[in-house]
Amino acid sequence: MNHLAFPATAMGRIETALSAPEAGLSPLDRLIGRRLDLQAFCAILKLPPVVGAGLAQALAAAAATYLSEDFLLLVAEEEDSLLPLLQRRLLLGDDMDELFRQLSDEHSQDRAQALGLAAQCQDFAAGGAGDWPDLCDALGQFAERQRRHLVWEDATIIPLARARLSEDDMRKWRSQLQTRRARHV
């Protein structure tokens, strides 16, 4: 039987490069790579719902997996590693407490919304009831919220992390990543 194989996507190649141990990337750079993945995912979610039924179900299944796994791991990485490390590196007068609180609140809301959308996507992918254009609209709204959130973090958190995190912080973060991966394998 002949199978038509799709070539590796550009994002797939980027993900492979980012995950290669020999790349020597810091945990912050790897996190930024996963954030690029989220941006690509969000761009796809904002496309108009013009696909056929089979592709719609396949896209919904892929979106469900991304939202319930990859997205949640990204948010956990920010909440459990990046933000605590940054909080320890704040200087007198940085006045970032409100920013960190708001980010944590948004992350909590984002996790809940992602799980709800993942369930809707999984139901649609399994042939359950659901209107593809309505689901696309909900996914597009989620994508826009994520885009704004990423822009906000790119303007505040990422520059602060680059300026303040030490090599020791990166080693600790790398160790946390390895522990977290070991639990998920």
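Residues numbered from 1 in each chain as written. Predicted model: local features only at pLDDT ≥ 70, side-chain atom pairs only at ≥ 80, totals over all residues. Heavy atoms only, no water.

1. Points about the overall build of the protein
Counting secondary structure elements, the protein contains 6 helices and 0 strands. Listing each helix as α and each strand as β along the protein from the N terminus yields α-α-α-α-α-α. Expressed as a percentage of the 185 residues in the protein, the buried residues total 36%. Distance between charge centroids for the protein: 6 Å, based on 20 positive and 27 negative side chains. (Helix = DSSP H or I, 4+ residues; strand = E, 2+ residues; numbered from the N terminus. Buried < 20%, exposed > 50% of the residue type's maximum accessible area, 1.4 Å probe, protein only. Lys, Arg positive; Asp, Glu negative; His and termini not counted. Charge placed at Lys NZ, Arg CZ, Asp CG, Glu CD.)

2. Quick look at unusual backbone geometry
With a phi angle near 50°, Asp95 is a residue other than glycine that sits in the positive phi range. Within the element layout of this structure, Asp95 appears in the loop between α3 (53-89) and α4 (97-125).

3. Some points on the pattern of salt bridges
Enumeration over the complete set of coordinates arrives at 13 salt bridges. Arg89 is the salt-bridge partner of Asp169, the closest N and O atoms lying 2.7 Å from each other. In this pair, Asp169 sits in helix α6 (residues 167-184) while Arg89 sits in helix α3, placing the two residues 80 residues apart along the sequence. With a relative accessible area of 30%, Arg89 lands in the partly exposed category. Asp168 is the salt-bridge partner of Lys172, the closest N and O atoms lying 3.3 Å from each other. Placement of both Lys172 and Asp168 in helix α6 is noted, with a separation of 4 residues, approximately one turn of the helix. A relative accessible area of 43% places Lys172 in the partly exposed class. By relative accessible area, which is 33% here, Asp168 ends up partly exposed. What emerges from the salt-bridge pattern is a single network uniting Arg35, Glu78, Glu153 and Asp154. (Salt bridge = Lys/Arg side-chain N within 4 Å of Asp/Glu carboxyl O.)

4. Concerning the nonpolar core
Within soluble globular proteins, side chains that are nonpolar tend to cluster in buried spots. Of all hydrophobic cores here, the largest spans 44 residues; its most connected members are Leu82 and Trp173. Those elements giving two or more residues to this core turn out to be α2 (27-45), α3, α4, α5 (132-164) and α6. With 14 residues, the single largest contributor to this core is α3. With sequence-adjacent residues up to four places away left out, Leu82 is seen in contact with Leu28, Leu31, Glu77, Ile157, Ala161, Leu165 and Trp173. (Core = buried A, V, L, I, M, F, W, Y, C linked by side-chain atoms within 4.5 Å. Contact = heavy atoms within 4.5 Å.)

5. Considerations on the packing of aromatic side chains
Counting across every chain of the model gives 3 aromatic pairs. Ring plane angle 75° and centroid distance 5.3 Å describe the contact between Phe71 and Phe142, whose orientation is recorded as edge-to-face. Remark: Phe142 occurs in helix α5 and Phe71 occurs in helix α3; sequence separation between them is 71 residues. For the pair shown, Phe71 and Phe142 are each scored as buried. (Phe/Tyr/Trp six-rings, centres within 6.5 Å; stacked < 30°, edge-to-face > 60°.)

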